[in-house]
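# Coordinate analysis (summary)
These are the residues of each chain, in order.
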Amino acid sequence: MKTIIEPFRIKMVEPIRMTSELERTEILQRAGMNVFLIPAQEVLIDLLTDSGTSAMSSEQWAGIMRGDESYAGATSWYRFEKVMHEITGMPYILPTHQGRASERILFELIGGPGKVIPNNNHFDTTRANIEYSGAEAVDLVIDEAADPNNLHPFKGNLDLRKLENLITHYGPKAIPLCMITITNNRGGGQPVSLENIRKVHQVTKDYGIPLYLDACRFAENAAFIQQRESGYADRSIREIVKEIFSLAEGATISAKKDGLVNIGGVLLLRNESLAAKANNLLILSEGFVTYGGLAGRDLEAMAQGFQETLEKDYLLYRLRSIAYLGNHLTQIGIPIVQPTGGHAIYIDAKSFCAHIPPYQFPGQALVCALYRYAGIRAVEIGTLMFGQANETPESIPKERMELVRLAIPRRVYTQSHIDYVIEALGEIFAKRETLSGLKIVSAPSILRHFTARLQEITPTNPPRN
Ligand SMILES: *Cc1c(COP(=O)(O)O)cnc(C)c1O
């Protein structure tokens, strides 16, 4: 059989509210053309993020009931610790409330002024935690990553030549660790090959620099290695995952992604004295070492989620469902970042809305059209997100991509939901010249995309019905 089906059946349903285009036009107006300001109940299909939006399994819910809420040494903690140790081989396992808490503890210990920390691409919170410590965060992803049409199978790879140059320039003493993000979220959810991880490990080891992983999507990355890297087709996902972690001195993980839970995180360490210091910081702000910032029931759900995420059928379905959306959009001529990554599809809005210049936010124009036309919530990753308040139409960097991300929550939507998304995008694409650019009415000076209010340059007429 060629058809890959969802490897689960549905036991509990959550209704989604149908709205009319007229209603949505008004809702969007009220929200200042910013989908972050729309209440979730007014959204039909929510593709804002894959973080913390997974559907839990019946076994995870059973774990929620089983959760041992003892302050110290809870049964749920021992189960979680055992599972994470088996999967990763790491000796020191620290539970945290989410990924950024793990990052804060790690960089408080090893960051600081004068330090430089390389990565393929630092995720926003990783960069923020490094910079907050006074250190510098440097992105060293391969050049192929910047070209949406380049079909390199591992576009998340870290450039070894750039890494050598960085080490020569700053000296190994200034570099307390090198990170690799798997999959590379900021670079479109693109995977990193095991060959690349091994080579980075070799280079850094020669200079005495430990290698750490930002491993939020390690299962999806391992599945890509199994599918795309020669020599791994017959290796199990668990073996590949073990091999990845065997090359690392530690890892930060947000369990809200591949962990298949709605909240949770982990810090993994190999070094005993560093782990002792990290435990002190953990107690200071997260909680005692056997629960971190979590309830016992959360640890149960994570222990179960991290095992389910490594199941072959689940990962096959997961990567295939992203590729399904990407392939159908490509077939109807919609430009997307190729090849499809692990958790989202990125539409190239510069080319989709070629008539809207970057300073009029072509990505946001498409995000608004998707919501108004079909009730779908996506997110702009372009000039609204990254632009500066003092930018002029002329000073916007030409190489900046204007993307719209459709992130796919895990196990939440069925194929017919995705077919609906494809149809909606096809119909918007057919009348793309009618989309209007936008201008900012009000915005804060930092992280403006969350709360900015905008206005259409040419107001779209409400639909006649
Ligand atoms: C989500 C994410 C984080 C931060 O995790 P939170 O749980 O949101 O704090 C760090 N790195 C990457 C690559 C992520 O995707």
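Before going into details, it helps to say that this report is about the structure given with it. Computed from a predicted structure; not experimentally measured.

## Thoughts on the overall build of the chain
Helices and strands together make up the secondary structure of the chain, namely 16 helices and 14 strands. In terms of overall size, the chain behaves like a compact globule, its C-alpha atoms giving a radius of gyration of 22 Å where 465 residues would be expected to give roughly 23 Å. Across its three principal directions, the C-alpha atoms of the chain cover 65 × 55 × 45 Å. For the chain, the proportion of its 465 residues judged to be buried stands at 56%. In the chain, the share of contacts with a sequence separation of at least 24, taken over all contacts with a separation of at least 6, comes to 72%. Roughly 20300 Å² of accessible area belongs to the chain as shown, and the carbon and sulfur atoms make up 53% of that amount.

## Description of the packing of helix α7 (residues 194-206) against helix α9 (residues 237-246)
Where α7 contacts α9, the axes come no closer than 10 Å and their chain directions differ by 20°. Put simply, α7 runs roughly parallel to α9. When the axes of α7 and α9 are compared, the crossing they make is left-handed. Here Leu 194, Ile 197 and Arg 198 of α7 come into contact with α9, specifically with Ile 240, Glu 243 and Ile 244.

## Notes on the nonpolar core
Counting 63 residues, the largest nonpolar core has Phe 80, Phe 218, Phe 245 and Phe 306 as the members making the most contacts within it. The dominant element in this core, judged by the number of residues it contributes, is helix α8 (residues 218-228), at six residues. Built from parts of two domains, this core gets at least three residues from each of domain 1 (21-50 + 311-455) and domain 2 (58-308). Core analysis: the next-biggest nonpolar cluster, separate from the first, contains 48 residues, Ala 31, Phe 361, Ile 428 and Leu 454 among them.

## With respect to the packing of aromatic side chains
Per the stated rule, a full pass over the model turns up nine aromatic pairs. Ring geometry for Tyr 71 versus Tyr 291: centroids 5.1 Å apart, planes at 70°, classification edge-to-face. With Tyr 71 in the loop between α2 (58-66) and α3 (75-88) and Tyr 291 in the loop between α10 (272-285) and α11 (296-308), this residue pair connects regions lying 220 residues apart in the sequence. Look at Tyr 71 and you get exposed, because its relative accessible area is 54%. On the numbers, 6.0 Å between centres and 20° between planes, the contact of Phe 218 with Phe 306 is stacked. Within this pair, whereas Phe 218 is found in helix α8, its partner Phe 306 is found in helix α11, the two being separated by 88 residues in sequence. Look at Phe 218 and you get buried, because its relative accessible area is 0%. According to the relative accessible area criterion, Phe 306 is buried, its value standing at 0%.

## Brief notes about the environment of Gly 375
In this structure, Gly 375 sits in the loop between α14 (362-374) and β10 (376-377). Discounting residues that sit within four places of it in the chain, Gly 375 has contacts with Arg 24, Val 43, Leu 44, Ile 45 and Leu 370.

## Some details on the site of the ligand
Near the ligand you find 14 residues, and of these Arg 100, Asp 214, Arg 217, Ser 254 and Lys 257 are the closest. Ser 254 is positioned such that a nitrogen or oxygen atom in its side chain is 2.6 Å from an oxygen atom of the ligand. A distance of 2.7 Å separates an oxygen atom of the ligand from a polar atom in the side chain of Lys 257. Alone, the ligand offers 380 Å² of accessible surface; in the complex the protein occludes 98% of this. The greatest single-element share of the shell around the ligand, amounting to three residues, is contributed by helix α4 (residues 99-110). Class assignment of the residues belonging to the shell around the ligand gives a composition of two nonpolar, six polar and six charged.

## What about the side chain of Thr 204?
Turning to its location among the elements, Thr 204 is positioned in helix α7. Accessibility expressed as a relative area gives 0% for Thr 204, which makes it buried. With near-sequence residues (within four places) excluded, Thr 204 lies in contact with Leu 163, Cys 178, Ile 209 and Leu 211.

## Considering the pattern of salt bridges
Using the criterion set out here, one finds 24 salt bridges in the structure. Here Arg 79 and Glu 300 are joined by a salt bridge, their closest N and O atoms 2.8 Å apart. Of this pair, Arg 79 sits in helix α3 while Glu 300 sits in helix α11, and the two are 221 residues apart along the sequence. The class for Arg 79 is partly exposed, based on a relative accessible area of 26%. Exposure remark for Glu 300: the relative accessible area of 5% places this residue in the buried category.

## A short note on unusual backbone geometry
In the segment running from Ile 182 into Thr 183, the intervening peptide bond is cis, with an omega of -25°. Along the chain, the position of Thr 183 falls in the loop between β5 (178-181) and α7. Gln 338 connects to Pro 339 through a cis peptide bond whose omega is -15°. Mapped onto the fold, Pro 339 is located in the loop between α12 (312-331) and β9 (344-348).

## A short note on the sheet that holds strand β2 (residues 92-96)
Strand order across the open sheet formed by five strands is β2-β8-β7-β6-β5, with mixed pairing between neighbours. Lying at the two open borders of the sheet, with one neighbouring strand each, are β2 and β5. Here the strands of the sheet are splayed against their neighbours by 15° on average, with no regard to which way each runs. As paired elements, strand β6 (residues 211-214) and strand β7 (residues 250-254) share three bridges and run parallel to each other. Within the sheet, the bridge partner assigned to Tyr 212 lies in β7 and is Gly 250.

## Quick look at the side chain of Glu 456
Structurally, Glu 456 is set in strand β14 (residues 453-456). With relative accessibility at 10%, the residue Glu 456 sits in the buried group. Within the structure, Glu 456 has its side chain in polar contact with the side chain of Arg 372 (distance 3.3 Å). A distance of 2.8 Å separates the side chain of Glu 456 from the side chain of Thr 460, its partner in a polar contact. Ignoring anything within four residues of it in the chain, the contact list for Glu 456 reads Met 33, Arg 372, Ser 436, Gly 437 and Leu 438.

Cut-offs and rules
Residues numbered from 1 in each chain as written. Predicted model: local features only at pLDDT ≥ 70, side-chain atom pairs only at ≥ 80, totals over all residues. Heavy atoms only, no water. Helix = DSSP H or I, 4+ residues; strand = E, 2+ residues; numbered from the N terminus. Rg over C-alpha atoms; globule rule 2.2 N^0.38 Å. Buried < 20%, exposed > 50% of the residue type's maximum accessible area, 1.4 Å probe, protein only. Contact = heavy atoms within 4.5 Å. Areas by Shrake-Rupley, 256 points an atom, 1.4 Å probe, with all protein chains shown as cover. Axes fitted to C-alpha atoms, helices over the stretch in contact; angles between N-to-C directions. Parallel < 35°, antiparallel > 145°, perpendicular 65-115°, else oblique. Left-handed = near helix turned anticlockwise from the far one by under 90°. Core = buried A, V, L, I, M, F, W, Y, C linked by side-chain atoms within 4.5 Å. Domains from an automatic or database assignment. Phe/Tyr/Trp six-rings, centres within 6.5 Å; stacked < 30°, edge-to-face > 60°. Near = heavy atom within 4 Å. Polar contact = N/O pair within 3.5 Å; in protein donor to acceptor, adjacent residues only side chain to side chain. Nonpolar A, V, L, I, M, F, W, Y, C, P; charged D, E, K, R; others polar. Salt bridge = Lys/Arg side-chain N within 4 Å of Asp/Glu carboxyl O. Pairing = 2+ DSSP bridges.

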